[in-house]
Amino acid sequence: MSCLPRDPFILLSVINTKLRDGYPSLEALCDDLGEDRESIVSALADAGFEYNRDSNQFI
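The text that follows walks through the structure, step by step, so that each part is easy to find. (Residues numbered from 1 in each chain as written. Predicted model: local features only at pLDDT ≥ 70, side-chain atom pairs only at ≥ 80, totals over all residues. Heavy atoms only, no water.)

Two elements in contact, helix H1 (residues 8-22) and helix H3 (residues 37-46), have axes whose closest approach is 9 Å; the angle formed by their N-to-C orientations is 125°. Between H1 and H3, the interaxial angle falls into the category oblique. As H1 packs across H3, the resulting crossing turns out to be left-handed. Between H1 and H3, the residues in contact are Pro8, Leu11, Leu12 and Ile15 and Ile40, Ala43 and Leu44, respectively. The residue inventory of the contact of H1 with H3, partitioned by class, reads seven nonpolar, no polar and no charged. (Axes fitted to C-alpha atoms, helices over the stretch in contact; angles between N-to-C directions. Helix = DSSP H or I, 4+ residues; strand = E, 2+ residues; numbered from the N terminus. Parallel < 35°, antiparallel > 145°, perpendicular 65-115°, else oblique. Left-handed = near helix turned anticlockwise from the far one by under 90°. Contact = heavy atoms within 4.5 Å. Nonpolar A, V, L, I, M, F, W, Y, C, P; charged D, E, K, R; others polar.)

Here is the structure:
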């Protein structure tokens, strides 16, 4: 997660905003930003959040 915040709550806000405003999926976001999907999922899972494909956000 090179260009993304490390704090899980700030990361949640950034990722969900990016998903809402510009990406149809988490995979598309990761591909575009060159980020590792599993690192994002793991960091947010540790804080109690999981990715919901239907709503395209972490909840």
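Alright, that's what it looks like, and here's the rest.
Here the focus is helix H2 (residues 26-33). Residues of H2 that are buried: Leu26, Leu29 and Cys30. Seen from one end, H2 has its buried residues packed into an arc of 95°, which puts them on one side. Opposite the buried face of H2, by more than 90 degrees, sit the exposed residues Asp31 and Asp32. Tucked inside the fold, the buried residues of H2 contact H1, H3, strand E1 (51-52) and strand E2 (57-58). After H2 finishes, the residue glycine 34 shows a positive phi value of roughly 70°. (Buried < 20%, exposed > 50% of the residue type's maximum accessible area, 1.4 Å probe, protein only. Arc of directions from axis to C-beta.)

Note that every value here comes from positions in space, so none of it alone points to a role or purpose.
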